[in-house]
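Summary of structural features
Below are the chains, spelled out letter by letter.
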Amino acid sequence: MKLIGLLILAYLLGAIPNGVWVGKAFFGTDIRQSGSGNIGTTNTYRVLGPYAGTAVMVLDIAKGSVATLLPTLGHVTTFLGTATPLLFGLFAILGHTVSIFDHFKGGKAVATSAGMLLAYNPLMFVIAAGLWVSLIYWTSMVSLASMIAFSLITLISLAFQDWYLTGIALVLTIFVFYRHRTNIRRIREGTESMVPFGRGYRN
Ligand code: G3P
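Heads up: these notes are all about the structure in this document. On a predicted model such as this, the values are computed, not experimentally measured, just so you know.

**A few points about the pattern of salt bridges**
- Using the criterion set out here, one finds five salt bridges in the structure.
- Of the charged contacts in the structure, one is a salt bridge between Asp102 and Arg32, with a shortest N-O distance of 2.5 Å. Here Arg32 lies in the loop between α2 (18-27) and α3 (41-48) and Asp102 lies in the loop between α5 (84-97) and α6 (110-120), a separation of 70 residues in the sequence.
- A relative accessible area of 4% places Asp102 in the buried class.
- A salt bridge links Glu189 to Arg185, with the shortest nitrogen-to-oxygen separation between them at 4.0 Å. Of the two residues, Glu189 and Arg185 both sit in helix α10 (residues 181-189), four residues apart, roughly one turn of that helix.
- Of the residues examined, Arg185 reaches a relative accessible area of 47% and is grouped as partly exposed.

Next comes the structure, spelled out in structure tokens:
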């Protein structure tokens, strides 16, 4: 019973649409109506600026981390043993992408997945964050950087010999590519929007 309650809590934490609520509360703007229409960090940055974008990134990472820590805080475990936190992280990612607070729509799972990684394997999080920032520098496209970073993290996770982590990283990579399918189309057409940062940027 406690396990089910905490899994529901993980889902509800993940379902908090920080981008939508920050935009509406502080800017009177619904970011779903502007830019890419996504509720994540990149579109918040694009529509509302760097402070709002940073706040949403921190909040989206935090909800993934807190959800992942729930089984430790609540002293519950499952048949997954030490990988139980990943199950809670997945429930948060489910909440973020199929949110009860956003008509069962949601974001692209990048920052919430990063939050899960931060709570589960902080070293991998640091590697992932370094890769992601470097890839944004090289491409100036957050979408492309995110997809490449997820792919590389799946490969790098092999070094940790944590097969649950590698399996979930692989599933999330496939899912992240699926959620970025409109970005992939724009990248192929040469119309994907860029951040004003790095070598790839052009006006
Ligand atoms: O975090 C999602 C990012 O990878 C792409 O966002 O708004 O450019 O579709 P966006």
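**Some words on the packing of α5 against α6**
- As a packed pair, α5 and α6 sit with axes 9 Å apart at the nearest point and diverge in direction by 165 degrees. With respect to each other, α5 and α6 are oriented roughly antiparallel. In this structure, α5 crosses over α6, and the sense of that crossing is right-handed. Of α6, the residues touching α5 (which contributes Pro85, Leu86, Gly89, Leu90, Ala92, Ile93 and His96) are Thr112, Ser113, Met116 and Tyr120.

**Topic: the site of the ligand**
- Surveying the vicinity of the ligand reveals the residues Ser36, Asn38, Thr42, Asn43, Arg46, Lys108, Val110, Val142, Ser143, Ser146, His180 and Asn183.
- With respect to the ligand, the side chain of Lys108 contributes an N or O atom lying 2.7 Å from an oxygen atom.
- For the ligand, an oxygen atom lies 3.3 Å from a polar atom in the side chain of Ser146.
- One can see that the ligand is located within the largest pocket.
- Listed by contribution, the elements that provide at least two residues to the shell around the ligand are α3 and α8 (142-157).
- Residue classes in the shell around the ligand are distributed as two nonpolar, eight polar and two charged.

**Brief notes about the environment of Leu86**
- Here Leu86 lies in helix α5.
- For Leu86, a relative accessible area of 1% gives the class buried.
- Sequence separation of Leu86 and Ile184 is 98 residues, and the distance between their C-alpha atoms is 28 Å.

**With respect to the nonpolar core**
- Core analysis: the biggest nonpolar cluster contains 18 residues, and Leu86, Met116, Leu117, Leu165 and Leu172 have the highest contact counts within it.
- Among the elements of the structure, α5, α6, α7 (122-139), α8 and α9 (163-179) are those that each provide at least two residues to this core.
- A per-element tally of this core places α9 first, with four residues.
- In this view, Met116 contacts Gly64, Ser65, Thr68, Leu86, Gly89, Leu90, Ile93, Ile168 and Leu172; residues no more than four positions away in its chain are not counted.
- Counting eight residues, the second-largest nonpolar core is a separate cluster that includes Leu6, Leu7, Ala10 and Val76.

Cut-offs applied
- Residues numbered from 1 in each chain as written.
- Predicted model: local features only at pLDDT ≥ 70, side-chain atom pairs only at ≥ 80, totals over all residues.
- Heavy atoms only, no water.
- Salt bridge = Lys/Arg side-chain N within 4 Å of Asp/Glu carboxyl O.
- Helix = DSSP H or I, 4+ residues; strand = E, 2+ residues; numbered from the N terminus.
- Buried < 20%, exposed > 50% of the residue type's maximum accessible area, 1.4 Å probe, protein only.
- Axes fitted to C-alpha atoms, helices over the stretch in contact; angles between N-to-C directions.
- Parallel < 35°, antiparallel > 145°, perpendicular 65-115°, else oblique.
- Left-handed = near helix turned anticlockwise from the far one by under 90°.
- Contact = heavy atoms within 4.5 Å.
- Near = heavy atom within 4 Å.
- Polar contact = N/O pair within 3.5 Å; in protein donor to acceptor, adjacent residues only side chain to side chain.
- 1 Å grid on protein atoms, 1.4 Å probe; cavity = no way out; pocket = protein on both sides within 12 Å on 5 of 7 lines; lining within 4 Å.
- Sits in = over half its atoms within 2 Å of the grid points.
- Nonpolar A, V, L, I, M, F, W, Y, C, P; charged D, E, K, R; others polar.
- Core = buried A, V, L, I, M, F, W, Y, C linked by side-chain atoms within 4.5 Å.

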